[in-house]
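Observations on the model geometry
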Amino acid sequence: MTQSAANIEPIMTWMRERQSSASFEVKEIPLSALDEWHYDDQQGSLVHRSGKFFSVRGIEVETDFGSVSKWRQPIINQPEIGILGLLSRRIDGRRQYLMQAKMEPGNINILQLSPTVQATQSNYSRVHRGKKTNYLEYFNHSSGSRVLMDKLQYEQGGRFYRKLNRNILMDIQDDIPVLDDYYWMSSAQIALLLNMSNIVNMDSRSVLSCMLKKDKKDYPVNTDHHISAWLSAMKNRHHLETKWVALDKLEDWHFRDHHIQHRDEKYFTVVGIETRASNREVQSWRQPIFKETNIGLTGLIIKEINQTPHYLMQVVLEAGKTSVKLAPTVQCSDYKNKSGSVPYIDRLLHDGEILYDQIQSEEGGRFYHFQNRNMVVKIKDDLQAEDHFIWVTHNKIVDLIDQGHLNIEARTLMACWNALNNHGGYQYD
């Protein structure tokens with residue numbers, strides 16, 4: 001089945017039905033109104049009464065990377081490793097994937113397509129005393145399922161402190177009951193949905209990025225050895241040290257009963273929300289969430305070199321990571337005010353042929369209305385890679401994802417672009 005032949009109208013109809021069949025209400029409330037959360041004076045952080053889920057802590061960062069050498073900020077500390085699990089099986093000779101229509105409080109449009117299982121350890125261990133996680137048994141290796149892929153990947157390093165998830169793909173042979181909020185989809189259908197804004201959520205895009213297939217032809221300008229040596233040099237060249245700081249001791253941030261906000265109202269704000277949902281494991285809850293104030297930008301510049309598409313990647317070192325990771329050519333927040341101040345941003349926005357340009361939401365369980373404009377732009381003229389940048393082919397990016405070297409922004413952008421450009425689909429198809 002080609003992308004053009006894939007029919008997504010039944011999926012869109014089903015999603016509209018799921019949206020209308022459940023009630024979902026989100027409203028902003030003061031942090032002081034979070035009845036199951038409290039400020040821990042000893043830690044200086046916002047914590048859940050169970051001690052599970054996540055906490056909001058203050059962090060001080062010192063680094064020799066970038067233009068700012070020292071700062072303090074709130075950050076999400078969630079030491080549990082979550083599961084982003086996708087069930088698959090062959091139907092009429094073609095592999096299909098069981099996607100979930102999941103409502104998240106931070107989603108710009110409430111409902112998006114998530115993996116079959118998207119759950120933290122606290123959630124699937126039922127710390128919230130709610131209903132069990134559907135289909136979880138197929139990911140514990142005891143229900144006739146077979147592991148096709150199981151990879152640890154980091155989440156956003158600027159908002160999460162060293163947060164990891166297992167990105168899992170499981171193969172099943174038998175027919176299983178398909179619950180109302182779930183739908184079998186082909187890779188061609190998923191590809192079309194990825195070419196739309198705010199339909200496939202960040203966690204699904206993360207899993208799909210780990211499944212990318214390599215091209216048959218690949219003539220890299222930089223060898224594997226050169227890229228590995230360059231990455232090692234970057235890791236050795238830069239350092240980052242962090243220490244915990246009480247939330248009420250964060251310079252440049254105002255910690256009030258209602259919210260935690262930067263004094264210049266930049267970056268993000270920590271607010272409280274109350275959620276009521278008829279189709280979730282727990283039907284009502286309150287939590288802190290990171291509210292974004294602007295749409296960010298993640299963009300890749302592509303150039304044909306040696307008859308092979310090359311991507312211009314950069315290294316970044318973020319507060320929640322232990323070492324540098326590869327990121328898209330451009331990765332920034334509030335990009336409309338960054339002209340001339342971010343390398344290659346003007347080339348991305350104003351030069352070349354736009355191959356992909358969609359708004360995509362970030363993770364809706366911890367971020368409220370956090371969106372990035374995702375772009376892929378092809379240029380024809382010569383472009384030298386500045387310091388901290390390197391040209392990498394598609395096949396090498398597949399290897400680097402497998403090795404855990406790409407950040408979440410680069411991985412999810414590659415998932416979107418790979419689907420649209422049809423590099424060959426997923427390696428398990």
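Structural data are supplied above this passage.
What you see is a predicted model; the values in this text were computed from it and never measured.

On to helix α5 (residues 224-237). The terminal C-alpha atoms of α5 lie 20 Å apart, and with 14 residues this matches the ideal 20 Å at 1.5 Å per residue to within 8%. Burial in α5 covers these residues: Ile227, Trp230, Leu231 and Met234. Looking straight down α5, one finds that the buried residues subtend no more than 100 degrees of arc, so they occupy a single side. α5 presents His225 and Asn236 as exposed residues on the side facing more than 90 degrees away from its buried surface.

Here the focus is the packing of aromatic side chains. One pass over the structure, following the stated rule, counts 12 aromatic pairs. Aromatic pair Trp14 and Tyr183: ring centres 5.0 Å apart, planes at 50 degrees, arrangement tilted. With Trp14 in helix α1 (residues 9-21) and Tyr183 in strand β12 (residues 182-186), this pair connects stretches of sequence that are 169 residues apart. Here Tyr183 falls in the partly exposed class, since its relative accessible area comes to 23%. An angle of 55 degrees between the planes, with centres 5.3 Å apart, marks the rings of Tyr39 and Phe255 as tilted. Highlighted residues: Tyr39 in strand β2 (residues 37-40) and Phe255 in strand β14 (residues 253-255), separated in sequence by 216 residues. What makes Tyr39 partly exposed here is its relative accessible area of 23%. Across from the ring centre of Trp244, 4.2 Å away, lies the NZ or CZ of Arg57, which sits over that ring.

The rules behind each value
Residues numbered from 1 in each chain as written. Predicted model: local features only at pLDDT ≥ 70, side-chain atom pairs only at ≥ 80, totals over all residues. Heavy atoms only, no water. Helix = DSSP H or I, 4+ residues; strand = E, 2+ residues; numbered from the N terminus. Expected span 1.5 Å × (residues − 1). Buried < 20%, exposed > 50% of the residue type's maximum accessible area, 1.4 Å probe, protein only. Arc of directions from axis to C-beta. Phe/Tyr/Trp six-rings, centres within 6.5 Å; stacked < 30°, edge-to-face > 60°. Lys NZ or Arg CZ within 6 Å of the ring centre and 35° of its normal.

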